[in-house]
Amino acid sequence: MGGMHRPQARRTPHRDRQAQQTDRSRHRLQASAAPRKMRYGKYIPGSRGKGSHNVVDVVDKQTRSRMMSGIRGKNTKPELRLRRALHAEGFRFILHDRRLPGRPDIVLPRWKAVIEVHGCFWHRHDACRYATTPATRPEFWADKFAANVARDQANLARLQDAGWRTAVVWECQIRGKNIDELVNELGNWIRSDSLEFGVK
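Rules used in this analysis
Chains are numbered independently. Their residues run from 1 in the order of the written sequence. Note on the predicted model: pLDDT of at least 70 is required for a residue's local features to be given, and 80 or more for side-chain atom pairs to be given and counted; whole-chain, interface and lining totals, by contrast, use all residues. To obtain the side-chain values, all non-hydrogen atoms of the structure were included, while hydrogens and water were left out. Secondary structure counts use DSSP, requiring at least four H or I residues in a row for a helix and at least two E residues in a row for a strand, with both numbered from the N terminus. Here the term buried applies to any residue with accessible area under 20% of the maximum for its type, exposed to any over 50%, and partly exposed to those in between, with areas from a 1.4 Å probe on protein chains only. Here, residues are in contact when the closest pair of their heavy atoms is within 4.5 Å. Only the protein chains shown count as cover for residues, and all accessible areas are computed by the Shrake-Rupley method using a 1.4 Å probe. Here a salt bridge means any side-chain nitrogen of Lys or Arg lying within 4 Å of a carboxyl oxygen belonging to Asp or Glu. pLDDT is a per-residue confidence score from the predictor, ranging from 0 to 100. Strand pairing is defined by DSSP finding a minimum of two bridges between the two strands. What we call a nonpolar core is a set of buried Ala, Val, Leu, Ile, Met, Phe, Trp, Tyr and Cys residues that are connected through their side-chain atoms within 4.5 Å. Any pair of Phe, Tyr and Trp rings, taking the six-membered ring for Trp, is counted once the centres come within 6.5 Å. Such a pair is stacked with planes under 30 degrees apart, edge-to-face with planes over 60 apart, and tilted for the rest. Whether a charge sits over a ring comes down to the Lys NZ or Arg CZ being within 6 Å of the ring centre and within 35 degrees of the ring normal. Lines fitted to the C-alpha atoms define the axes, with helices restricted to the stretch that makes contact. Angles between their N-to-C directions range from 0 to 180 degrees.

## Observations concerning the overall build of the protein
Line of reasoning, step 1. Per the secondary structure count, the protein includes seven helices and seven strands.
Line of reasoning, step 2. Going from N to C terminus, the protein has its helices and strands arranged as α-β-α-α-β-β-β-α-β-α-β-α-α-β.
Line of reasoning, step 3. The buried share among the 200 residues of the protein stands at 32%.
Line of reasoning, step 4. In the protein, once contacts between residues fewer than 6 apart in sequence are set aside, the share between residues at least 24 apart is 61%.
Line of reasoning, step 5. Surface accessibility of the protein: about 14100 Å² in total, with carbon and sulfur atoms responsible for 52%.

This is the structure we're talking about:
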């Protein structure tokens, strides 16, 4: 009896498939974990503080340029959220009307009013935690931000000169979980004769 060998367990196609799936899952986890170490830089304490401030960039110039060029200028998440809320309140509007200066985000012809939804970073919301400034190429960013602000002010002035009432709503105002209060205030302004809403 001592010379007898125990028969090996028979491998079935089902067991083979299970082993292959386990191996593939393990490889995917390893592959997805590795790039994260290279893709993200070290967290900088205090980088999301109050007001405008510098944040150390963790990517090279080419990567940052590509990332920035991919940021939407219209139909952003805050804009879509505000549009849905206004529509639910019964307001009807035109989007990005080419006939008006700056192609405003939301145009309400019945009320002779336009609403601009501004991103806090690009349009420089005063004392806002999202209005950060990259630490690399400070002169470039200063010029770009200044040009954005000047263009915003010029477009608002041209709209007002043409008889339009203007509202500016900031990204951070819409980010909250509940924007009912904002929409209520904005709705009251739309129905009023006031010329401006939220314009800094």
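Read on, since the account is not over.
## Quick look at the pattern of salt bridges
Line of reasoning, step 1. Inspection of the entire model under this criterion finds three salt bridges.
Line of reasoning, step 2. The salt bridge involving E79 is made with R83; its shortest N-O contact spans 3.0 Å. Placement of the pair is E79 and R83 together in helix α3 (residues 77–88), with a separation of four residues, close to one helical turn.
Line of reasoning, step 3. Looking at E79, the relative accessible area reads 1%, which means it is buried.

## Digging into the confidence of the model for the protein
Reading predicted coordinates in detail is not appropriate for stretches of low pLDDT.
Line of reasoning, step 1. Confidence in the prediction of the protein, expressed as mean pLDDT, is 78, and 62% of residues score 70 or more.
Line of reasoning, step 2. In this model, residues 55–59 is a region of pLDDT below 50 whose contacts with residues beyond four sequence positions or in other chains number 12 contacts.
Line of reasoning, step 3. Low pLDDT, under 50, characterises residues 63–72; the stretch is placed with seven contacts to residues that sit more than four places away or in other chains.

## Here's the deal with the pairing of strand β4 (residues 113–118)
Line of reasoning, step 1. Across the six residues of β4, six count as buried, placing the element largely inside the fold.
Line of reasoning, step 2. Burial along β4 is two-sided: A113, I115 and V117 facing one way and V114, E116 and H118 facing the other are all buried.
Line of reasoning, step 3. In textbook terms, the turn of a hairpin is the stretch between consecutive antiparallel strands, and for strand β3 (residues 106–108) and β4 this stretch comprises four residues, one of which, K112, has a positive phi near 50 degrees.

## Overview of the nonpolar core
Line of reasoning, step 1. With 19 residues, the main nonpolar core has L82, L86, I115, V169, L186 and I190 as its most contacted residues.
Line of reasoning, step 2. Aside from chain neighbours lying at most four places away, what touches V169 is L82, I115, E116, V117, H118, I174, L182, L186 and F197.
Line of reasoning, step 3. In terms of nonpolar packing, the next biggest core, distinct from the first, is built from seven residues, C120, Y130, L156 and W170 among them.

## Topic: unusual backbone geometry
A negative phi angle characterises most non-glycine residues, just as the trans form characterises most peptide bonds.
Line of reasoning, step 1. Located in the positive-phi region is R103, a residue other than glycine, with phi close to 50 degrees.
Line of reasoning, step 2. Looking at the element boundaries, R103 is found in the loop between β2 (94–95) and β3.
Line of reasoning, step 3. At A127, a residue that is not glycine, the phi angle is positive and equals roughly 55 degrees.
Line of reasoning, step 4. Note on placement: A127 falls in the loop between α4 (120–123) and β5 (133–134).
Line of reasoning, step 5. For A127, a relative accessible area of 55% gives the class exposed.

## What to know about the packing of aromatic side chains
Line of reasoning, step 1. This structure, assessed with the given rule, holds eight aromatic pairs.
Line of reasoning, step 2. Ring geometry for F140 versus W141: centroids 5.1 Å apart, planes at 75 degrees, classification edge-to-face.
Line of reasoning, step 3. F140 gets classed as partly exposed once you look at its relative accessible area, which sits at 34%.
Line of reasoning, step 4. Counting every residue linked through ring pairs, the aromatic cluster contains F121, W122, F140, W141 and F145.
Line of reasoning, step 5. One residue, R124, lies across the ring of F121, its end atom 5.7 Å from the ring centre.
Line of reasoning, step 6. Sitting over the ring of F145, R124 keeps its end group 3.8 Å from the ring centre.

## Structural notes on the sheet that holds β3
Line of reasoning, step 1. Spatially, β2-β3-β4-β6-β7 is the arrangement adopted by the five strands of the open sheet, whose pairing is mixed. Here the strands that pair on one side only, and so sit at the sheet edges, are β2 and β7 (196–197).
Line of reasoning, step 2. Relative to strand β6 (residues 165–170), β4 runs parallel, the two being bridged by six bridges. Its bridge partner being in β6, H118 is matched across the sheet by W170.
Line of reasoning, step 3. Packing of α3 onto the sheet brings it into contact with β2, β3, β4 and β6, and relative to β4 it is tilted by some 145 degrees.
Line of reasoning, step 4. Along the sheet, helix α5 (residues 138–161) contacts β4, β6 and β7; its crossing angle with β6, the most-contacted strand, is approximately 150 degrees.

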